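Here is how the chains run, residue by residue.
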Amino acid sequence: MILQGIRHSAPSLNAMTVLFGGDACPLGLSLQFLEAPRGRGRRCATWQSGRWSFDGNGFYSPQALSALLPFQAPWTRMLTAQVGRWTALANNGIHGGDGTAPGPAVSRALGVRCVVATHAPRQQSAQTQLEVIGPGGEPPLMYIRSISATATDGRWEWHESGEPLPFEETERYGTRIKRNRFDRAMLLTYLIALGIPVDDDAYGTATLHQEHVSWSSREVSLDEERRVFGL
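What you see is a predicted model, and the numbers here were worked out from it, not measured in a lab. Along each chain, residue indices are assigned from 1 in the same order as the chain's sequence is written. In keeping with the predicted nature of the model, local features appear solely for residues at pLDDT of at least 70, side-chain atom pairs appear and are counted solely at 80 or more, and the whole-chain, interface and lining totals rest on all residues. Processing note: side-chain calculations cover all non-hydrogen atoms of the structure and skip hydrogens and water entirely.

Caption draft 1: View of the packing of aromatic side chains. Each aromatic pair joins two rings of Phe, Tyr and Trp (for Trp, the six-membered one) with centres within 6.5 Å, and gets the label stacked for planes under 30 degrees apart, edge-to-face for over 60, and tilted for any other angle. Throughout the structure, instances matching the rule amount to three aromatic pairs. Plain terms: the ring middles of W158 and Y173 are 4.9 Å apart, the flat faces sit at 40° to each other, and that makes the pair tilted. You can see W158 sitting in strand β9 (residues 155–161) and its partner Y173 sitting in the loop between β9 and α4 (184–193), a full 15 residues away along the chain. Of the two residues, W158 and Y173, neither departs from the other in class, the shared state being buried. Linked through ring pairs, F167, F182 and Y190 together constitute an aromatic cluster. Runs of E in the DSSP output that reach at least two residues are strands. Runs of H or I that reach at least four are helices, and both are numbered from the N terminus. The cut-offs for exposure are 20% and 50% of the maximum accessible area for each residue type, with area from a 1.4 Å probe on protein chains only; residues under the lower value are buried, those over the upper are exposed, and the others partly exposed.

Listed below in structure tokens is the structure:
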């Protein structure tokens, strides 16, 4: 199967990528980035090789991301692609992807940094989150830094742990309105500061990974998820 890719112009920071609430929404709301070459990161991310198969080539785009469909819980599909010196991972977990696996565990196995980035715009719930995990982080999960602005049923909460990274706009964190403390534009700016390009043109070819499992997963269609996000 060939995943057909397209290119996008980038007139502004917010238009640079279809990910994180861009044109692909609700696909690609949460991605993981391993600071490792794609081959090394992919092999470790799929260490249970007997349960995985690999298929497809294409650029990260709405068309490539659609290969993840349907959304599942638990998820069984993952896309990987090289972006700069990082390997990007996206999976078909419900609500735009599961940011908890496999990136953090892989980063510990490889001894490299993992960045988990999430921006989920929703009618009643929303989240903008950045997590940096890796050597020098706090055991046992090795978190270096975590920041998030999250709303559940419209009620916003702010969380941060670890020492601020040099590039952070910490003056924003004192803003009275919590949802304004960390937004999509800031998330993309922080990714750039970490050396992770946010322009879709920076992504290499994407490979679809399918896990073969004996259990069944709850499946959610794109239309169902779009209604959850009010799209």
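Caption draft 2: Region of the structure containing the pattern of salt bridges. Salt bridge, as used here: a side-chain nitrogen of Lys or Arg that lies within 4 Å of a carboxyl oxygen of Asp or Glu. Summed over the entire model, instances satisfying the criterion amount to seven salt bridges. Across the pair R85 and E35 runs a salt bridge whose closest N-O atoms are separated by 2.8 Å. Placement of the pair is R85 in the loop between β4 (77–83) and β5 (86–91) and E35 in the loop between β1 (30–34) and α1 (38–45), with a sequence separation of 50 residues. The class of E35 is partly exposed, set by a relative accessible area of 23%. One connected set of salt bridges, linked through shared partners, spans E35, R85 and R113.

Caption draft 3: Looking closely at the pairing of β1. Across the five residues of β1, five count as buried, placing the element largely inside the fold. Side chains S30, Q32 and L34 project from β1 onto one buried face, and the interleaved L31 and F33 project onto a second face that is buried too. When DSSP locates at least two bridges between a pair of strands, those strands are taken to pair. Examined bridge by bridge, β1 and strand β6 (residues 114–120) share five bridges and lie antiparallel to one another. Directly across from L34, in β6, lies its bridge partner C114. With three bridges connecting them, β1 and β5 associate as antiparallel partners. By the bridge assignment, L34 is partnered in β5 with T87.

Nothing here speaks to function; it is all geometry.
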